[in-house]
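Residue-level listing of the chains:
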Amino acid sequence: MSGSLEGKTALVTGGGSGIGRATALAFAREGARVAIVDYVPEGGNQTLNMIKEIGDGRFFKADVSKPEEIRRAVEQTVDIYGALDCAFNNAGIEGAGVRNDPWDQENWHRVIAINLTGVFLSMQYEVEQMLKRGGGAIVNTSSILGLVAMPGAFAYTAAKHGVAGLTKAAALQYAQKGIRVNAVCPGYIHTPMVERSVGLGSEMAQHITKHLQPIGRLGKPEEIAEAVVWLCSPAASLVTGITMPVDGGCTAQ
Ligand SMILES: NC(=O)c1ccc[n+]([C@@H]2O[C@H](COP(=O)([O-])OP(=O)(O)OC[C@H]3O[C@@H](n4cnc5c(N)ncnc54)[C@H](O)[C@@H]3O)[C@@H](O)[C@H]2O)c1
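Just so it is clear, the model here is predicted, and its values are computed rather than measured.

## Considering the packing of helix H3 (residues 67-81) against helix H4 (residues 105-133)
Point 1. Two numbers describe how H3 lies on H4: the axes approach to 9 Å, and their chain directions differ by 30°. It follows from the interaxial angle that H3 and H4 lie roughly parallel. Relative to H4, H3 is oriented so that their crossing is right-handed. Taking contact as the criterion, the partners of Pro-67, Ile-70, Arg-71, Val-74, Glu-75 and Val-78 in H3 are, on H4, Leu-121, Ser-122, Tyr-125, Glu-126 and Gln-129.
Point 2. Along the lines of polarity and charge, the residues of the contact of H3 with H4 split into six nonpolar, two polar and three charged.

So this is what it looks like as structure tokens:
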């Protein structure tokens, strides 16, 4: 694909790293103007500098779990570019590792606030803008843990299943209003999050590539970005309400 989003405006939350950065760059390559949203300015500005080499973009510092901050980022995007056509709600945290207490209440509230409520809030303000223009495409980042479960990862699994349910309900709500809503469910992708939580070269990383991800390697952030770009493009005009695994066969086992 090339130029499939020419003249469109796309917003990416968590655009300062990993999957979000790769997708922001892919949106720009396809001709979209890109609003990068992240609560870490260093990462957001790095992505912005990369975008500026191929297209047009802006960085907005916002925490997706704070309604006023994400509302302002969405509104500023529309003020500058005149519309919001595509949104990738991807900001997320890994939370406490699976070896920690799964009943840790602090971890529960933090992971749900960012990984689930953050998607809910982002969608609320994006939909408001998209309805004004008669449509748009939204993609949310769920996970293979939005489709299957992992012992120990109570909060993360619940949040990502929540994103899958929210995606389907919103897809039905807006199916006749021109807004398509889908989710991607990445497998194990080589990003800073996986470097932090799994550790590259660790026993766990070897277990993943040997047993959990049949393709035999970690995914690349760019491989998720391609799926997101397609879901946002006119080529996916009949696709809404899906939770698409992009996981090297993980959930086929
Ligand atoms: N990497 C994987 O294997 C994998 C697998 C399945 C799902 N995911 C999901 O993909 C998404 C991206 O993960 P990644 O691997 O690229 O991680 P990452 O840590 O590399 O990037 C996440 C980005 O989100 C930002 N962020 C976190 N909380 C935020 C908040 N409250 N407000 C604004 N920005 C915030 C971070 O600053 C960071 O820039 C997450 O939702 C994650 O749960 C990742």
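## Considering helix H1 (residues 18-29)
Point 1. Its 12 residues give H1 an end-to-end C-alpha distance of 17 Å, which sits within 8% of 16 Å, the value for a rise of 1.5 Å per residue.
Point 2. Of all 12 residues in H1, 10 are buried, a share of seventy percent or more.
Point 3. Among all positions in H1, only Gly-18, Ile-19, Gly-20, Arg-21, Ala-22, Thr-23, Ala-24, Ala-26, Phe-27 and Ala-28 are buried.
Point 4. Looking one or two places after H1, you find Gly-31, whose phi comes out positive at around 100°.

## Considering helix H5 (residues 154-174)
Point 1. The end-to-end C-alpha distance of H5 is 30 Å, a good match for the 30 Å that 21 residues give at a rise of 1.5 Å each.
Point 2. For H5, the set of buried residues is Ala-155, Tyr-156, Thr-157, Ala-159, Lys-160, Val-163, Ala-164, Thr-167, Ala-170 and Ala-171.
Point 3. Contact partners of the buried residues in H5: H4, strand E5 (136-141), strand E6 (179-186), helix H6 (192-197) and strand E7 (243-246).

## Remarks on the pairing of strand E1 (residues 9-13)
In the case of a regular strand, side chains alternate between the two sheet surfaces.
Point 1. The buried fraction of E1 amounts to five of the five residues, a majority that puts the element mostly inside the structure.
Point 2. The alternating pattern of E1 places Thr-9, Leu-11 and Thr-13 and Ala-10 and Val-12 on opposite faces, both of which are buried.
Point 3. As judged from the three bridges shared by E1 and strand E4 (residues 86-89), these two strands associate in the parallel manner. Directly across from Leu-11, in E4, lies its bridge partner Ala-87.

Here is what the cut-offs are and how they apply
Residues numbered from 1 in each chain as written. Predicted model: local features only at pLDDT ≥ 70, side-chain atom pairs only at ≥ 80, totals over all residues. Heavy atoms only, no water. Axes fitted to C-alpha atoms, helices over the stretch in contact; angles between N-to-C directions. Helix = DSSP H or I, 4+ residues; strand = E, 2+ residues; numbered from the N terminus. Parallel < 35°, antiparallel > 145°, perpendicular 65-115°, else oblique. Left-handed = near helix turned anticlockwise from the far one by under 90°. Contact = heavy atoms within 4.5 Å. Nonpolar A, V, L, I, M, F, W, Y, C, P; charged D, E, K, R; others polar. Expected span 1.5 Å × (residues − 1). Buried < 20%, exposed > 50% of the residue type's maximum accessible area, 1.4 Å probe, protein only. Pairing = 2+ DSSP bridges.

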